[in-house]
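If you want the building blocks of each chain, they are given just below.
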Amino acid sequence: GGGGGGGDPGHPSGLPTASQRSRARRTREMFADAAAALGGDSPRRRKKNHSKLRGGAVGAVVATPFDHQNCSDLRAADAVRARRAYVKSRADDDVAYVYLGDMEQDGEGGSASFDDFASQFYPAVRARGMIIDVRRNAGGNIDTWILERLLRAAWLFNAERSGPPDVTMQYAFSGEVVVLVDERTSSDAEIFALAARRLGVGTVIGQRTWGGAVGYSGDAELALVDGSAFTIPSFGPYDADGAWAIEQRGVVPDVVVANAPVATSRGGDAQLDAAIEVLNKKLAEAPAKGKVPIKPTYPNRSFDAKTCEAGGDGSAKEEGGGGEDAKAAKAVGA
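Residues numbered from 1 in each chain as written. Predicted model: local features only at pLDDT ≥ 70, side-chain atom pairs only at ≥ 80, totals over all residues. Heavy atoms only, no water.

Each helix and strand in the chain was counted, giving ten helices and nine strands. In the chain, which comprises 334 residues, the share counted as buried stands at 37%. Considering only intrachain contacts with a sequence separation of at least 6, the fraction spanning at least 24 residues in the chain is 71%. Surface summary for the chain: the accessible area is close to 19,200 Å², and the carbon and sulfur share equals 55%. (Helix = DSSP H or I, 4+ residues; strand = E, 2+ residues; numbered from the N terminus. Buried < 20%, exposed > 50% of the residue type's maximum accessible area, 1.4 Å probe, protein only. Contact = heavy atoms within 4.5 Å. Areas by Shrake-Rupley, 256 points an atom, 1.4 Å probe, with all protein chains shown as cover.)

Below you can see the structure in the form of structure tokens.
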């Protein structure tokens, strides 16, 4: 799906898209290649190359300055790092921060939001709270994939004789979730935010979203004689009550919070602060939320022949009885 663009990485609160992170990665690879061309990147080799050049030896140094896009990409990636560190400072390791710049299966440069989500979600699956930030998210079509993971239930647990127990439904997240949205959250990101509320995944915080969920297929609907083509928005979502969803109305958050321009330009993020406060309050009210329950005391499964002969399960020790199974058997025999 189309929609609002990615973050403004030149802004203190700018958030990177998947494509921006991909370009930043390619920039780092470019400099790694340059270092390899100079004989590696160890301190000894750097010192040796530096000495040779100062001594007048023949050598070649390739200096490739950052262009504006590369600088923007790195600043954007640093913004996410700073937000994650800020969340940790306000909530220790209880709350994780996940950022998605789009919902594409394969973004520009081969970056995939699948990988983006997985690389942030799975290491934090045992956190007690999670902030999923889809502000300035340009949309795509992976909402179902993300929701399937968030809807897994921690209802049964396995305990080994040594080591901590774990859930039987692999990677089920049982903590509290907050979804951050703003006026540039668009298309599939809006569907994800609406589903988070309707399906009980979590609380939506921020500003009313963009309001564009009518989509189009990946194939051009009409080809032109010059070889070009164009697509036509051709399908839109509606809910089980028969009401059209999202288009021209967006998703109104559960908690409306605006990021004031002046405060934001000075590094503030009222929406993120609100998300942290909501999660800290919910976790304080429910100390067991997001935690794997302590395993119970091991049962006595020793075998009792007399109880078994009387029709029981071999484990009951009731006087004159033989357990509930034996009582039931006697009742039938009578």
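Quick look at helix 8 (residues 270-285) now. Taking 1.5 Å per residue, 16 residues should reach 22 Å; helix 8 reaches 23 Å between its end C-alpha atoms and fits that length. Inspection of helix 8 places Gln271, Leu272, Ala274, Ala275, Ile276, Leu279 and Leu283 among the buried residues, and these make up the whole buried set. As for helix 8, its buried residues are in contact with helix 3 (68-91), strand 1 (95-99), strand 2 (129-133), strand 5 (176-181) and strand 6 (203-206). (Expected span 1.5 Å × (residues − 1).)

So, about the packing of helix 3 against helix 8. Two packed helices can be described by the angle between their axes and the distance between those axes. Relative orientation of the contacting elements helix 3 and helix 8 amounts to 35°, with a least axis distance of 11 Å. Between helix 3 and helix 8 the crossing geometry is right-handed. Of helix 8, the residues touching helix 3 (which contributes Arg83, Tyr86, Val87, Arg90 and Ala91) are Leu272, Asp273, Ile276, Glu277 and Asn280. Class assignment of the residues belonging to the contact of helix 3 with helix 8 gives a composition of five nonpolar, one polar and four charged. (Axes fitted to C-alpha atoms, helices over the stretch in contact; angles between N-to-C directions. Left-handed = near helix turned anticlockwise from the far one by under 90°. Nonpolar A, V, L, I, M, F, W, Y, C, P; charged D, E, K, R; others polar.)

This part is about the pattern of salt bridges. For the structure on display, the rule yields 13 salt bridges. Two residues, Asp94 and Arg128, come together in a salt bridge whose shortest N-O distance is 3.9 Å. Pair noted here: Asp94 is in the loop between helix 3 and strand 1 and Arg128 is in the loop between helix 4 (113-121) and strand 2, with a separation of 34 residues, a long-range link. A relative accessible area of 10% places Arg128 in the buried class. When the shortest N-O distance is used, the salt bridge between Asp166 and Arg126 registers 2.8 Å. On the criterion of sequence distance, the pair formed by Asp166 in strand 4 (residues 166-167) and Arg126 in the loop between helix 4 and strand 2 is long-range, its members being 40 residues apart. Residue classification places Asp166 among the partly exposed positions, given a relative accessible area of 37%. (Salt bridge = Lys/Arg side-chain N within 4 Å of Asp/Glu carboxyl O.)

In this section: the sheet that holds strand 1. Each strand in a sheet pairs with its neighbour through backbone hydrogen bonds, running either in the same direction (parallel) or in the opposite one (antiparallel). On the basis of which strands lie adjacent, the open sheet formed by five strands has the order 1-2-5-6-9 and parallel pairing. Edge positions in the sheet fall to strand 1 and strand 9 (255-256), since each has one partner strand and no second. Sitting on the sheet, helix 6 (residues 188-198) touches strand 2, strand 5 and strand 6, and the angle it makes with strand 5 is about 145°. (Pairing = 2+ DSSP bridges.)

Attention shifts here to a nonpolar patch on the surface. Judged by side-chain polarity, Leu222, Leu224, Phe230 and Ile232 come together as a nonpolar surface patch covering roughly 330 Å² of accessible area. Structurally, the position occupied by Leu222 is in strand 7 (residues 222-223). (Patch = residues over 30% accessible without salt bridge, like charges linked within 9 Å, V, L, I, M, F, W, Y side chains within 5 Å.)

Taken over all residues, the pLDDT of the chain has a mean of 81, while the share at 70 or more is 74%. Confidence drops under pLDDT 50 across residues 42-51; counting only partners more than four residues distant or on other chains, this segment forms four contacts. (pLDDT = per-residue confidence, 0-100.)

As enumerated under the stated definition, the model contains seven aromatic pairs in all. When the centroid spacing of 5.9 Å and the interplanar angle of 80° are considered together, the rings of Phe117 and Trp145 count as edge-to-face. Within this pair, whereas Phe117 is found in helix 4, its partner Trp145 is found in helix 5 (residues 143-150), the two being separated by 28 residues in sequence. With relative accessibility at 0%, the residue Phe117 sits in the buried group. Owing to a relative accessible area of 24%, Trp145 belongs among the partly exposed residues under this scheme. Taking the centre distance of 5.5 Å and the plane angle of 70° together, the rings of Tyr238 and Trp244 count as edge-to-face. As far as the burial class goes, Tyr238 and Trp244 line up, both exposed. Geometry around Tyr298 places Arg161 over its ring, the cationic atom sitting 5.9 Å from the centre. (Phe/Tyr/Trp six-rings, centres within 6.5 Å; stacked < 30°, edge-to-face > 60°. Lys NZ or Arg CZ within 6 Å of the ring centre and 35° of its normal.)

Before going further, it helps to spend a moment on the packing of helix 5 against helix 6. With their axes 9 Å apart at the nearest point, helix 5 and helix 6 run at an angle of 25° to one another. Between helix 5 and helix 6, the crossing angle belongs to the class labelled roughly parallel. Of the two elements, helix 5 crosses helix 6, and the hand of that crossing is right-handed. Each of Asp143, Ile146, Leu147 and Leu150 in helix 5 lies in contact with helix 6, whose residues at this interface are Asp188, Ile191, Phe192, Ala195 and Ala196. (Parallel < 35°, antiparallel > 145°, perpendicular 65-115°, else oblique.)

As for its position among the elements, Asp269 is in the loop between helix 7 (261-265) and helix 8. A polar contact of 3.5 Å, which involves the side chain of Asp269, links it to the side chain of Arg83. Side chain to side chain, Asp269 and Arg135 meet in a polar contact 2.9 Å long. Sequence-distant contacts of Asp269, defined by excluding residues within four places in its chain, comprise Arg83, Arg135 and Asn259. (Polar contact = N/O pair within 3.5 Å; in protein donor to acceptor, adjacent residues only side chain to side chain.)

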